[in-house]
Amino acid sequence: MKLVSYSVLFLILNFGALAIGNLLMASGPQKEWYLALNKAPWTPPGWVFGVAWFTIMACFSLYMAYLLQTGLTSKIILLFTLQFVLNISWNYVFFNAHQVAVGLIVLLALTSIVSIFTYNYWKTLKLKSVLILPYLFWLFVATSLNMYILIHNK
């Protein structure tokens, strides 16, 4: 029963983070600033971002539920909170403040946190650790897209 409760909790938190991030983005991908940027040739179509984030947050919620059952709560909650804040803040920094370099730093920090989750708890969760891999992969993609924009838009 704890797994179900933790899963629901993290589904609410993670999809809440997506909703907050979407609000902070304020239609950024449709605004002139973003549309005028020179974007990476591998930038996926807009709908892919929605599918990707839905999948990532569903998997990450299950990952966190399994992880919280291990009893290592204080460190897990700290890492989760850092991840939560970084995930949300990138939307504002990139799309509203147009701070592409700061956005890249935020993504690198977020990737570091998710990498710490992956590395530190792989032995604990074993095969269940594959649930965090979509998040890690997507962050590599997002970082490359952000970096391309930084380099190719002077």
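Going by the structure above, here's the rest.
(A) Examining the packing of aromatic side chains more closely. Enumeration over the complete set of coordinates arrives at 18 aromatic pairs. Look at Y63 and F117: their rings are 6.1 Å apart centre to centre, the planes differ by 90°, and that puts the pair in the edge-to-face class. On the criterion of sequence distance, the pair formed by Y63 in helix α3 (residues 46-68) and F117 in helix α5 (residues 100-125) is long-range, its members being 54 residues apart. Residues Y63 and F117 agree in their burial class; the two are buried. With 4.9 Å between their ring centres and 85° between their planes, F94 and F95 make a pair best called edge-to-face. As far as the burial class goes, F94 and F95 line up, both buried. Each member of the aromatic cluster is reached from another via a ring pair, and the members are F10, W53, F60, Y63, F80, F84, F117, Y121 and Y135. Taking NZ or CZ as reference, K39 lies 4.6 Å from the ring centre of Y34, over its face.

(B) Here's a closer look at α5. Compared with the 38 Å implied by 1.5 Å per residue over 26 residues, the 35 Å span of α5 between its first and last C-alpha is a close match. In the stretch just after α5, K126 is the one whose phi turns positive, near 50°.

(C) Main features of helix α4 (residues 73-96). Between its first and last C-alpha atoms α4 spans 34 Å; for 24 residues at 1.5 Å apiece the expected length is 34 Å, and the two agree. At S89, α4 shows its strongest bend, of approximately 25°. The complete set of buried residues in α4 reads I76, L79, F80, Q83, L86, N87, I88, W90, N91, V93, F94 and F95. Those residues of α4 that are buried are in contact with α1 (2-25), α2 (32-35), α3, α5 and α6 (133-152). Phi for H98, located one or two positions after α4, is positive at around 55°.

(D) Geometry of the side chain of N146. Note on placement: N146 falls in helix α6. Once residues lying within four places of it in the same chain are set aside, the contact partners of N146 are W90, F94, V100, G103, L104 and L107.

(E) Focus on the packing of α3 against α6. At their nearest, the axes of α3 and α6 sit 9 Å apart, and the two run at 145° to each other. Handedness of the α3/α6 crossing: left-handed. Two secondary-structure elements touch here, α3 through V48, F49, A52, W53, I56, M57, C59 and F60 and α6 through P134, Y135, W138 and L145. In terms of residue class, the contact of α3 with α6 is made up of 12 nonpolar, no polar and no charged.

(F) Structural view of the side chain of T111. When you line up the elements, T111 lands in helix α5. With a relative accessible area of 9%, T111 lands in the buried category. In contact with T111, not counting residues within four places along its chain, are L136, L139, F140 and T143.

Cut-offs used in this document
Residues numbered from 1 in each chain as written. Predicted model: local features only at pLDDT ≥ 70, side-chain atom pairs only at ≥ 80, totals over all residues. Heavy atoms only, no water. Phe/Tyr/Trp six-rings, centres within 6.5 Å; stacked < 30°, edge-to-face > 60°. Helix = DSSP H or I, 4+ residues; strand = E, 2+ residues; numbered from the N terminus. Buried < 20%, exposed > 50% of the residue type's maximum accessible area, 1.4 Å probe, protein only. Lys NZ or Arg CZ within 6 Å of the ring centre and 35° of its normal. Expected span 1.5 Å × (residues − 1). Bend = angle between axes of the 7 residues up to and from the residue. Contact = heavy atoms within 4.5 Å. Axes fitted to C-alpha atoms, helices over the stretch in contact; angles between N-to-C directions. Left-handed = near helix turned anticlockwise from the far one by under 90°. Nonpolar A, V, L, I, M, F, W, Y, C, P; charged D, E, K, R; others polar.

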